[in-house]
Amino acid sequence: MRPFKASITGLAAMLITLLCIPAASCDRLHEDLQPCPTGARLRFVYDYNMEFANAFPSQVDCLTLLIYDNAGNYLRTHTAARPQTADEDWRMTIDLPAGKYRMLAYGGMDCAEASFSFTSDPETTPMQDLQVRLNSDLLTYPEGHALHHLFYGSLDLEIPQPGAGTTYTDATVYMMKDTNDIRILLANENGTPTDAADFEFSITSDNTLMNYRNAIIPVAGTTYSPWAQGNAEMGVLDSDEPATVAYAELSISRLVKGNPTTLLITRKSDGVEVVRIPLINLLMLYKGERYSSMPAQEFLDRENRWNITFFLTGDGVWLRTRIVVNDWIVRINNISEF
């Protein structure tokens, strides 16, 4: 049994030696060894929403990360798609030498159905000149399109000189959503049916071009049209006829406080404007006292699903004293000051 015991001891010693080899394979104290690898291990989070919860895995289906040096010169691009982005535990691991870096992240631009694109090749464009635009073919009037959602994030990161062992810097890229879905309902106050075919819905805004800081670059007013439109039953009238309301669904780019944005509903039969209203002012009415301390732009960026109901009088004109926005009833006493 003694020879067997000796062999076990020798095996243990060999294993200990092998385990120690990697730890010494990148030691800055020994010039003859390979330098320790350095880089970043990035987590991507989208919790800039009204739920304050990370929805990145469920909403971002493709990811583009642009990496620049500290002066804004392009270095490289990394991309990811499902199932990577759908995994809460997934991290993007990037090998980078020690130094300072600036990173821009875009969700939804590397997908086949992407609605936004770069105006120039990022590989030949300094970061400060990078621009993102809504694809013009998605604005064909009067037919609208459901926009593929766009997300934006940025990060300044310093990767330190390596010590003993592998050194990857953990960091988080926080994303925000740049697209909005708006559903509009038209209902008669007396319950008589409304027909979507009788109305034309549109939103006008100048928000199709954004710079590397995600700020809107003014170019020209753009008209968004519904990508879905029709009627829905909401009950039964005294005559046993169905009570219907008209609806329209539109997708638009980022809403920015102070950027004129107009919601217009026109009656087709005579061209009368049933509704003309500054959309951003209207949406801010939904902010409520619960979020009174939240800045206006933060609220517009966090909320991106809007439901608006306008009530019409018997002659088909907007009843200007009553609107419902995301289940909040808004009463306006003086529309001229709104």
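Reading the values: rules and limits
- Residues numbered from 1 in each chain as written.
- Predicted model: local features only at pLDDT ≥ 70, side-chain atom pairs only at ≥ 80, totals over all residues.
- Heavy atoms only, no water.
- Helix = DSSP H or I, 4+ residues; strand = E, 2+ residues; numbered from the N terminus.
- Buried < 20%, exposed > 50% of the residue type's maximum accessible area, 1.4 Å probe, protein only.
- Core = buried A, V, L, I, M, F, W, Y, C linked by side-chain atoms within 4.5 Å.
- Contact = heavy atoms within 4.5 Å.
- Salt bridge = Lys/Arg side-chain N within 4 Å of Asp/Glu carboxyl O.
- Disulfide = S-S within 2.5 Å.
- Pairing = 2+ DSSP bridges.
- Axes fitted to C-alpha atoms, helices over the stretch in contact; angles between N-to-C directions.
- Polar contact = N/O pair within 3.5 Å; in protein donor to acceptor, adjacent residues only side chain to side chain.

Caption draft 1: Structural detail: the overall build of the chain. Across its full length, the chain holds 4 helices and 20 strands. Sorting the 338 residues of the chain into buried and exposed places 46% on the buried side.

Caption draft 2: Spatial organisation of the nonpolar core. Counting residues in hydrophobic clusters, the biggest one holds 53 residues, and the most contacted among them are Leu104, Tyr106, Ile265, Leu279 and Phe310. Take this core: its biggest share by element is 5 residues, from helix α3 (residues 279-284). Apart from the residues within four sequence positions on either side, leucine 279 is in contact with Ile182, Ile203, Ile252, Thr261, Thr262, Leu263 and Ile308. The next biggest cluster of nonpolar side chains, apart from the first, holds 25 residues, and it includes Ala80, Met92, Ile94 and Tyr101.

Caption draft 3: Representation of the pattern of salt bridges in the model. Applying the stated rule across the entire model yields 9 salt bridges. Among the salt bridges present, the one from glutamate 249 reaches arginine 183, with a minimum N-O distance of 2.4 Å. With glutamate 249 in strand β15 (residues 242-252) and arginine 183 in strand β10 (residues 180-188), the pair connects residues that are 66 residues apart, well separated along the chain. Looking at glutamate 249, the relative accessible area reads 21%, which means it is partly exposed.

Caption draft 4: Expanded view of the state of the cysteines. Scanning all chains against the criterion turns up 1 disulfide. With its sulfur 1.8 Å from that of its partner, cysteine 62 forms a disulfide with cysteine 111. Across the S-S bond of cysteine 62 and cysteine 111 the torsion is about -110°, and the bridge reads as left-handed. With a gap of 49 residues between them, cysteine 62 in strand β2 (residues 62-69) and cysteine 111 in the loop between β5 (99-107) and β6 (116-118) connect regions that are remote in the sequence. Classification of cysteine 62 as buried rests on a relative accessible area of 2%.

Caption draft 5: How the structure looks around the sheet that holds strand β16 (residues 261-267). Taking strand neighbours across the sheet as the criterion, the 4 strands line up as β13-β11-β16-β17 in an open arrangement whose pairing is antiparallel. Two strands bound the open sheet, and with one partner strand each, they are β13 (222-224) and β17 (273-278). Pairwise comparison of adjacent strand axes, ignoring direction, gives a mean angle of 20° for this sheet. Two elements, strand β11 (residues 199-205) and β16, share 7 bridges in a ladder whose sense is antiparallel. By the bridge assignment, phenylalanine 201 is partnered in β16 with isoleucine 265.

Caption draft 6: Region of interest: the side chain of arginine 302. Tracing the backbone through its elements, the reader meets arginine 302 in helix α4 (residues 296-302). Classification of arginine 302 by relative accessible area gives buried; the value is 9%. In this structure arginine 302 touches Tyr46, Asp47, Tyr48, Asn49, Met50, Phe52 and Met294, once residues within four positions along its chain are discounted.

Caption draft 7: View of the side chain of asparagine 259. Relative to the helices and strands, asparagine 259 resides in the loop between β15 and β16. Here the side chain of asparagine 259 touches aspartate 206 through a polar contact of 3.1 Å, landing on its backbone oxygen.

Caption draft 8: Summary view of the environment of phenylalanine 56. For phenylalanine 56, the position within the fold is in helix α2 (residues 56-59). Distance in space between the C-alpha atoms of phenylalanine 56 and phenylalanine 44 is 7.0 Å, their sequence separation being 12 residues. Beyond its immediate sequence surroundings of up to four residues, phenylalanine 56 is in contact with Phe44, Val45, Tyr46, Leu63, Thr85 and Met175.

Distances and angles like these do not, on their own, reveal function.
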